[in-house]
Number of protein chains: 2
Amino acid sequence: MWNSTRLTDQLSIAYPIVQAGMAGSTTPELVAAISNEGGLGTIGAGYMTTDVLSDEIEAVRKLTDKPFAVNLFVPEDIQYDDSAIQMMQEKLKPYYDKYDLKTANVKIHSEQTFLDKIQLLMDMEVPVVSFTFGIPAQQIINQLKKKGIITIGTASSIEEARMIEQSGLDMVVAQGFEAGGHKGAFTKTRSIGTMALIPQIVDSVSLPVIAAGGIMDARGMLASLMLGASGVQMGTTFLTTHESKAPNVHKEAIIHAQPEDTTVTKIFSGKSARGIENNFINDLETSGTNILPYPLQNDLTTSIRQSAAKNGDTAILHMWCGQAPTLAKKVNAQGLFREIVAHTDQLILDFKMNNI
Amino acid sequence: MWNSTRLTDQLSIAYPIVQAGMAGSTTPELVAAISNEGGLGTIGAGYMTTDVLSDEIEAVRKLTDKPFAVNLFVPEDIQYDDSAIQMMQEKLKPYYDKYDLKTANVKIHSEQTFLDKIQLLMDMEVPVVSFTFGIPAQQIINQLKKKGIITIGTASSIEEARMIEQSGLDMVVAQGFEAGGHKGAFTKTRSIGTMALIPQIVDSVSLPVIAAGGIMDARGMLASLMLGASGVQMGTTFLTTHESKAPNVHKEAIIHAQPEDTTVTKIFSGKSARGIENNFINDLETSGTNILPYPLQNDLTTSIRQSAAKNGDTAILHMWCGQAPTLAKKVNAQGLFREIVAHTDQLILDFKMNNI
């Protein structure tokens, strides 16, 4: 049962707690705080350039000598036509205008950027790499493993977990329906609740399983271990810490949200992600305009979202959030992590002293 | 933490495991098997007449002297117009024809039937009554409590759990997104995963919380207790037992299903329920024909579903199922219950002997 040592031993960490790679919201301070306390901090590098990522890794290394991870988005071939881009640009016009922005255009997305980041992680000997949106090419996995880098995939179904196992990745994050932010699904979008997903994936693969989705505290961690997981990945709980780069209005929105206030939308990036429902989502989801594939939709909305963040416009901002926001707190990451560990110890003691 | 004694003491049961009141699928044999083993069996009386319910209670009492529950659907005012009924009847015509059935009509639904059942439960001194689809009138709750009957409500959100607590009901089932069969929601339909829902409801009410949704085995039970629940309610896991009245093709469909094969539909009864996706659901969900409110939609589809069950037509049958069907087994209820208890003991022992 107690698979957690499979995770902690392999990752050389004290507690089976992974801070999710929240692209756009992690800081070296957050990553280092989690790693210094005995968890696994993660640099959310999905949107970073190679140069920025290099700087981030250096900054984390200045703050901790403990293991940490880098999370990357696996690129995929994109199908699109120019007229769909034009239509989305027109639809977004009122938002560009609102902030006096030029109409954004799609960027050129080369697989080379991804390959460059992989090379950087190997050159800088980053201990752990986690992947979202798919499984990298076999050659990349082989190279990383040869370098002794531990690799983690993200699955939202039994099928994806099996594919990850077959690819040779070392661990699998089993991401349930409750999870905030981007859905890791890379086959079909699946909506399986964490309580149902974890034991079914545990029974289907022999890799260590890291539970994710709606897990916010010591209770969720111990529940996940009971389900057979080897550890947990938590995002929203760390998103509201002082060290997170999320705008203050986003943090405030989370701690004031109810569980039913979130929705899953592709409108911000082109990939399904769970966030707090707002006018921007409602406006564009109901407009009938086709949402562009990731990352093109992201290219067109980035400047709008940056302006919304600057102006504190919660009606427009993407406010990623899982389904347990009432458990979130605005505190510092070190204190929060220590509280989770202390509460875990307390629960284990209670459990051992009392009959259930 | 170990709230489970709050449940077991109050219900006078040995293990904090409630068999869900699966209307249409429970038998006296199933209910008695669970109660005899130390859980709480439940007669799913949502669709029963008072006479049938009376017979069922007597039949259960012949098989066990242990506590058991009766689950009732709380009636509500229905708004409808005849043209909507006609349109649905036309849409269902091919299905009536397929089985040489007369076109079904809606029935007269009087609150009196519900009141008669309540009176029966008091007269027969049934120990526990659970409610789905709402909270009964205050007078009914008061009468039941005066009789010493323990009352349980069903919530799918923090708001509903608070309403249940305020009404004076004794316990609350917190039903997560993963749950098979009917959604208990009585305010809005909420889709909160069990892992996220349980701790948030536990933190919001002081009633004992019974976790439901995707819980199939000892792992799910212990996970729920870790989340702060006082016990669990399990449906799908008991639906495939030999004692369940579910048609064999339904049981076979569950044990061969994948987690993503279920969907939530109102097409069978007029209320949201999770079942295995099939042609009937796809045909009627995409037809554009308005689904009638519960129980009128149920009135129109009952004969079709009965014929589908008789003929083993899985393309038409309602096949309720939660999101963890790969954990289901076709076994006898007593053996399954004992296996859950034995596995729980084993996990607790492992937990106590090992560090996590």
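It should be emphasised that the depicted structure is a prediction, and the values quoted were computed from it without experimental measurement.

Rules used throughout
Residues numbered from 1 in each chain as written. Chains lettered and ligands numbered in written order. Predicted model: local features only at pLDDT ≥ 70, side-chain atom pairs only at ≥ 80, totals over all residues. Heavy atoms only, no water. Contact = heavy atoms within 4.5 Å. Buried area = accessible area lost by both parts, 1.4 Å probe. Salt bridge = Lys/Arg side-chain N within 4 Å of Asp/Glu carboxyl O. Polar contact = N/O pair within 3.5 Å; in protein donor to acceptor, adjacent residues only side chain to side chain. Helix = DSSP H or I, 4+ residues; strand = E, 2+ residues; numbered from the N terminus. Least-squares fit on C-alpha atoms with pLDDT ≥ 70 in both. Pairing = 2+ DSSP bridges. Axes fitted to C-alpha atoms, helices over the stretch in contact; angles between N-to-C directions. Buried < 20%, exposed > 50% of the residue type's maximum accessible area, 1.4 Å probe, protein only. Phe/Tyr/Trp six-rings, centres within 6.5 Å; stacked < 30°, edge-to-face > 60°. Lys NZ or Arg CZ within 6 Å of the ring centre and 35° of its normal. Arc of directions from axis to C-beta. Parallel < 35°, antiparallel > 145°, perpendicular 65-115°, else oblique. Left-handed = near helix turned anticlockwise from the far one by under 90°. Expected span 1.5 Å × (residues − 1). Nonpolar A, V, L, I, M, F, W, Y, C, P; charged D, E, K, R; others polar.

## Digging into the interface of chain B and chain A
In this assembly, 46 residues from chain B lie in contact with 46 residues from chain A. Both faces considered, chain B and chain A share a buried interface measuring about 4,100 Å² in area, 69% of it formed by carbon and sulfur atoms. Where B:E260 meets A:R190, a salt bridge forms, and the shortest distance between an N and an O atom there is 3.7 Å. Between chain B and chain A we count 14 residue pairs in polar contact (both at pLDDT 80 or more) in total. Elements with a minimum of two residues in the side of chain B that touches chain A: α8 (194-202), α9 (218-226) and α14 (333-353) of chain B.

## A short note on the relation of the copies chain B and chain A
The two copies are related by a screw operation: chain B maps onto chain A through 180 degrees of rotation and 0.0 Å of translation along the axis, at an RMSD of 0.0 Å. Overall, the copies show the geometry of a two-fold rotation axis. Considering only C-alpha atoms, the part of chain B nearest the rotation axis is B:A223, at 1.9 Å.

## Quick word on the sheet that holds strand β6 (residues 171-175) of chain A
Residues and elements named next belong to chain A. Ordered in space as β1-β9-β8-β6-β5-β4-β3-β2, the eight strands form an open sheet in which the pairing is parallel. Every other strand in the sheet has two partners, leaving β1 (17-19) and β2 (41-44) as the edge strands with one partner each. When strand polarity is set aside, the average angle formed by the axes of neighbouring strands in this sheet is 25 degrees. Across four bridges, the pairing between β6 and strand β8 (residues 209-212) is parallel. Paired with A174 across the strands is A211, a residue of β8. Sheet contacts for helix α1 (residues 4-11): β4 (128-132), β5 (150-155), β6, β8 and β9 (231-234); angle to β6, the most-contacted strand, approximately 125 degrees.

## As for the environment of B:A257
Residue and element names in this part refer to chain B. Looking at the secondary structure, you find A257 in the loop between α11 (248-255) and β10 (262-265). We classify A257 as buried; its relative accessible area is 4%. It is 22 Å that separates the C-alpha atoms of A257 and I192, two residues lying 65 residues apart in sequence.

## Here's the deal with the sheet that holds strand β11 (residues 273-276) of chain A
All names here are of chain A. Within the open sheet, the three strands sit side by side as β7-β11-β10. Their pairing is antiparallel. Looking at which strands have only one partner, the edges of the open sheet turn out to be β7 (181-182) and β10 (262-265). Inspection of the sheet shows β7 paired to β11 by two bridges, in the antiparallel sense. Across the sheet, the residue bridging to G181 is R274, located in β11.

## Some thoughts on the packing of aromatic side chains
Residue and element names in this part refer to chain A. According to the stated counting rule, one finds 20 aromatic pairs over all chains in the structure shown. Among the aromatic residues, those joined into a cluster by ring pairs are Y47, F73, F133 and Y294. Its end group placed over the ring of F133, K271 keeps NZ or CZ at 4.5 Å from the ring centre.

## Let's talk about helix α1 (residues 4-11) of chain B
Residue and element names in this part refer to chain B. Those residues of α1 not exposed but buried are S4, L7, T8 and L11. One side of α1 holds all its buried residues, which, seen down the axis, span an arc of 90 degrees. In the core, the buried residues of α1 are packed alongside β4 (128-132), β5 (150-155), β6 (171-175), β8 (209-212), α9 and β9 (231-234). S12 sits one or two residues past α1 and shows a positive phi near 55 degrees.

## A look at the packing of helix α14 (residues 333-353) of chain A against α14(B)
Each pair of packed helices can be described by the angle between their axes along with the distance between the axes. It is the contact of α14(A) with α14(B), at a shortest axis distance of 10 Å, that shows an interaxial angle of 120 degrees. With respect to α14(B), the axis of α14(A) lies oblique. Crossing handedness for the pair α14(A) and α14(B): left-handed. Across from A:I348, A:F351 and A:K352 in α14(A), the residues of α14(B) making contact are B:I348, B:F351 and B:K352.

## Topic: helix α5 (residues 111-123) of chain B
All names here are of chain B. Look at α5: 18 Å from first C-alpha to last across 13 residues, which is about the 18 Å you get at 1.5 Å a residue. Considered for burial, the residues of α5 that qualify are F114, K117, I118, L120, L121 and M122. Buried residues in α5 make contact with α3 (50-63), β3 (68-73), β4 and α6 (138-146). Capping the start of α5, S110 holds a side-chain oxygen 2.8 Å from the backbone nitrogen of Q112, two or three residues further along.

## Remarks on the environment of A:A253
Residue and element names in this part refer to chain A. On the secondary structure map, A253 appears in helix α11 (residues 248-255). On the basis of relative accessible area, A253 is assigned to the buried category, the value being 18%. In the structure, A253 is positioned 159 residues away from P94 in sequence and 24 Å away in space, judged by C-alpha atoms. Here A253 is in contact with I276 and M319, once residues within four sequence places are set aside.

## Description of the pattern of salt bridges
Note on pairing: side chains with opposite charge can pair once their charged atoms come close. The final tally for this structure, using the stated rule, is 22 salt bridges over all chains. The shortest N-O distance in the salt bridge between A:E159 and A:R190 comes to 3.3 Å. With A:E159 in helix α7 (residues 158-167) and A:R190 in the loop between β7 and α8 (194-202), this pair connects stretches of sequence that are 31 residues apart. We classify A:R190 as buried; its relative accessible area is 16%. Linked by salt bridges that have partners in common, A:E159, A:R190 and B:E260 make up one network.

## Re the packing of helix α4 (residues 82-98) of chain A against helix α13 (residues 296-311) of chain A
All names here are of chain A. It is at 10 Å that the axes of α4 and α13 come closest, and there the two elements cross at 10 degrees. Relative to α13, α4 is oriented roughly parallel. In this structure, α4 contributes I85, M88, Q89, L92, Y95 and Y96 to the contact, and α13 contributes Q297, L300, T301, S303 and I304. Of the residues contributing to the contact of α4 with α13, the split by class is seven nonpolar, four polar and no charged.

## Section: the side chain of B:Q323
Tracing the backbone shows B:Q323 in the loop between α13 (296-311) and α14. You can call B:Q323 buried: its relative accessible area is 2%. In terms of polar contacts, B:Q323 uses its side chain to reach the backbone amide nitrogen of A:G193, at 2.8 Å. Not counting the four nearest positions on each side in its chain, B:Q323 is found in contact with A:S191, A:I192, A:G193, A:A196, A:Q200, B:F177, B:E178, B:P259, B:T262 and B:R274.

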